[in-house]
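Report on the structure
Listed below, chain by chain, are the residues.
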Amino acid sequence: MARGEQQRGGGDRRDRRDRNKPEERGENDVVEKLVHINRVAATVKGGRRFSFAALMVVGDQKGRVGFGHGKAREVPEAIRKATEEAKKTMIRVPLRESRTLHHDGQGRWGAGKIMMRSAPPGTGVIAGGPMRAVLETLGVQDVVAKSVGSSNPYNMIRATFEALKVQSSPRQVASKRGKKVSDMVARRADGAQADTAEAEAPEAQGQE
């Protein structure tokens, strides 16, 4: 009996140790990340009944990502349910140069509010908590993100997905407006140059 309890305890420790490590499973090389796990206690006639709720994020690191949550009496079963739900609800997000976002975005869900900005090469993923898990499984390599609302992982995940759903590529915008992709890219370049000129103008005046 004692040996069985030690084995179960060791398994729990392994689960906690490997919780934040990505896993690649299946033929599509889907990366799975456990974002949060919560123990829920329900008081019944015979005492307290415990169950677990898991929040999972999955993605192929090529522009597809999804999240899901599952509840069960055991942790592995809750993770399995959450993973299955996440794979069913995956969305596709257009990425710029397969490394960053096309434009800045904001998302809000309940009390959770997040902001994301595209970044130049070499910046890395500057984000914390659940947002980092979503962006890494999505395949983003350079991004700056900030949570300015609730730290509830469920709200943060949903707010992040709300921001990702409104991401659009120059090709999508050009098709909606009936224009060429080159026109959209040129306009974005002109806007970036104008912003740079406006930022440099006050500095030049101060030097004079």
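You'll find the structure just up there.
Residues numbered from 1 in each chain as written. Predicted model: local features only at pLDDT ≥ 70, side-chain atom pairs only at ≥ 80, totals over all residues. Heavy atoms only, no water.

A short note on the side chain of histidine 102
Assignment of secondary structure puts histidine 102 in the loop between β5 (91–92) and β6 (105–109). Residue histidine 102 is classed as buried on the basis of its relative accessible area, which comes to 11%. Among the polar contacts made by the side chain of histidine 102, one reaches the main-chain carbonyl oxygen of leucine 95 at a distance of 3.3 Å. (Helix = DSSP H or I, 4+ residues; strand = E, 2+ residues; numbered from the N terminus. Buried < 20%, exposed > 50% of the residue type's maximum accessible area, 1.4 Å probe, protein only. Polar contact = N/O pair within 3.5 Å; in protein donor to acceptor, adjacent residues only side chain to side chain.)

As for helix α4 (residues 153–165)
Taking 1.5 Å of rise per residue, 13 residues should cover 18 Å, and α4 covers 18 Å from first to last C-alpha, within 8% of that figure. Looking at α4, one finds that the buried residues are Pro153, Asn155, Met156, Ile157, Ala159, Thr160, Phe161, Ala163 and Leu164. (Expected span 1.5 Å × (residues − 1).)

Here we look at the side chain of lysine 33
By the secondary structure assignment, lysine 33 is in strand β2 (residues 30–44). A polar side-chain atom of lysine 33 sits 2.2 Å from a polar atom in the side chain of glutamate 136.

A few points about the nonpolar core
Proteins that are soluble and globular tend to have nonpolar side chains buried together. Within the largest apolar cluster, 27 residues are counted, with the highest numbers of intra-cluster contacts made by Val65, Met116, Leu135, Ile157 and Leu164. Where this core is concerned, the elements lending two or more residues are β3 (47–59), β4 (64–72), β7 (112–118), α3 (130–138), β9 (143–147) and α4. When near neighbours in sequence (up to four residues on either side) are disregarded, methionine 116 contacts Leu101, Asp104, Gly105, Leu135, Val144, Ala145, Thr160, Ala163 and Leu164. Formed by 6 residues, the second largest nonpolar core is a distinct cluster that contains Leu34, Ala54, Ala72 and Ala82. (Core = buried A, V, L, I, M, F, W, Y, C linked by side-chain atoms within 4.5 Å. Contact = heavy atoms within 4.5 Å.)

Comments concerning the sheet that holds strand β8 (residues 125–126)
Read across the open sheet, the 4 strands follow the order β6-β7-β9-β8; overall the sheet is mixed. Whereas interior strands pair on both sides, the edge strands pair on one side only; in this sheet they are β6 and β8. Sheet topology note: the β8/β9 ladder contains 2 bridges and is parallel. In the sheet register, valine 125 faces β9, and the bridge partner there is valine 143. Set on the sheet, α3 makes contact with β7, β8 and β9; between it and β9 the angle comes to about 150°. Across the face of the sheet, α4 comes into contact with β6, β7 and β9 while running at roughly 140° to β6. (Pairing = 2+ DSSP bridges. Axes fitted to C-alpha atoms, helices over the stretch in contact; angles between N-to-C directions.)

Section: the packing of aromatic side chains
Counting across every chain of the model gives 1 aromatic pair. Ring geometry for phenylalanine 67 versus phenylalanine 161: centroids 4.8 Å apart, planes at 50°, classification tilted. With phenylalanine 67 in strand β4 and phenylalanine 161 in helix α4, this residue pair connects regions lying 94 residues apart in the sequence. The exposure classification of phenylalanine 67 matches that of phenylalanine 161, with both residues buried. (Phe/Tyr/Trp six-rings, centres within 6.5 Å; stacked < 30°, edge-to-face > 60°.)

Re the packing of α3 against α4
α4 packs onto α3 with a crossing angle of 40° between their chain directions and a minimal axis gap of 8 Å. Comparing the axis directions of α3 and α4 gives the class oblique. When the axes of α3 and α4 are compared, the crossing they make is right-handed. When α3 is examined against α4, the residues Pro130, Met131, Val134 and Leu138 are found in contact with a partner set consisting of Pro153, Met156, Ile157, Thr160, Phe161 and Leu164. When its residues are assigned to classes, the contact of α3 with α4 shows 9 nonpolar, 1 polar and no charged. (Parallel < 35°, antiparallel > 145°, perpendicular 65-115°, else oblique. Left-handed = near helix turned anticlockwise from the far one by under 90°. Nonpolar A, V, L, I, M, F, W, Y, C, P; charged D, E, K, R; others polar.)

The values reported here are purely geometric and, on their own, carry no functional implication.
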